[in-house]
Amino acid sequence: MTQDEFNAHWKLDELPACDEGMRLLKAWADLDPRAVDYLPSAGAMDLDREDLDDCPEWRAYAAHVLACDDCDEGGDHVRPLRS
């Protein structure tokens, strides 16, 4: 699946992340079969997923979204990551 096909999954006017965030999210989705169960087509995602702590691609995406002004500008991702 291309990045554009992946991005088209969201039924939103705006994607849940900036270009870099979407690239990181797709990297996780490409490697982790659990992704289909966790990717909503609308609304915010819970970034603090204890069941995904073993997945560095997910952790990279979540850390990026929390640090990126463009990704978190809507305030939808409110729960910080555990250390």
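The text that follows walks through the structure, step by step, so that each part is easy to find. Because the structure is predicted, anything quoted here is derived from the model rather than measured.

1. Things to note about the overall build of the protein
Move 1: If you tally the helices and strands in the protein, you get four helices and zero strands.
Move 2: For the protein, the N- to C-terminal ordering of α and β elements is α-α-α-α.
Move 3: Considering only intrachain contacts with a sequence separation of at least 6, the fraction spanning at least 24 residues in the protein is 48%.

2. Let's talk about the side chain of aspartate 32
Move 1: Within the secondary structure layout, aspartate 32 lies in the loop between helix 2 (19-31) and helix 3 (35-38).
Move 2: Ignoring sequence-local partners within four residues, the contact set of aspartate 32 consists of Leu52 and Cys55.

3. What to know about the packing of aromatic side chains
Move 1: All told, the structure shown has two aromatic pairs when counted by the stated rule.
Move 2: On the basis of an interplanar angle of 45° and a centroid distance of 5.5 Å, the ring pair of tryptophan 58 and tyrosine 61 is categorised as tilted. Within this pair, tryptophan 58 and its partner tyrosine 61 are both found in helix 4 (residues 56-67), separated by three residues, close to a single helical turn. By the burial criterion, tryptophan 58 is buried, and tyrosine 61 matches it.
Move 3: Here a set of aromatic residues connected by ring pairs shows up, and it is made of Trp28, Trp58 and Tyr61.

4. Comments concerning the environment of threonine 2
Move 1: Turning to its location among the elements, threonine 2 is positioned in the segment before helix 1 (3-7).
Move 2: A relative accessible area of 41% means that threonine 2 is categorised as partly exposed.
Move 3: Residues threonine 2 and lysine 26, spaced 24 residues apart in sequence, show a C-alpha to C-alpha distance of 9.1 Å.

5. Quick notes on the pattern of salt bridges
Move 1: Here the structure, examined in full by the defined rule, presents three salt bridges.
Move 2: The closest approach of N and O atoms between arginine 23 and glutamate 20, which form a salt bridge, is 2.7 Å. Of this pair, arginine 23 and glutamate 20 both sit in helix 2, three residues apart, which is roughly one turn of that helix.
Move 3: Since its relative accessible area comes to 42%, arginine 23 is described here as partly exposed.

6. Focus: the nonpolar core
Move 1: In this structure, Leu25, Trp28, Trp58 and Tyr61 are the most contacted members of the largest nonpolar core, which totals 17 residues.
Move 2: Those elements giving two or more residues to this core turn out to be helix 2 and helix 4.

7. Thoughts on helix 4
Move 1: Between its terminal C-alpha atoms helix 4 stretches 16 Å, which fits the 16 Å expected from 12 residues at 1.5 Å a residue.
Move 2: Every buried residue of helix 4 is listed here: Trp58, Tyr61, Ala62, His64 and Val65. Along the axis of helix 4, the buried residues cluster in a sector spanning 160°; they form a single face. Away from the buried face of helix 4 by more than 90 degrees, exposed residues Pro56 and Ala67 are located.
Move 3: The elements touched by buried residues of helix 4 are helix 2.

Procedures and definitions
- Residues numbered from 1 in each chain as written.
- Predicted model: local features only at pLDDT ≥ 70, side-chain atom pairs only at ≥ 80, totals over all residues.
- Heavy atoms only, no water.
- Helix = DSSP H or I, 4+ residues; strand = E, 2+ residues; numbered from the N terminus.
- Contact = heavy atoms within 4.5 Å.
- Phe/Tyr/Trp six-rings, centres within 6.5 Å; stacked < 30°, edge-to-face > 60°.
- Buried < 20%, exposed > 50% of the residue type's maximum accessible area, 1.4 Å probe, protein only.
- Salt bridge = Lys/Arg side-chain N within 4 Å of Asp/Glu carboxyl O.
- Core = buried A, V, L, I, M, F, W, Y, C linked by side-chain atoms within 4.5 Å.
- Expected span 1.5 Å × (residues − 1).
- Arc of directions from axis to C-beta.

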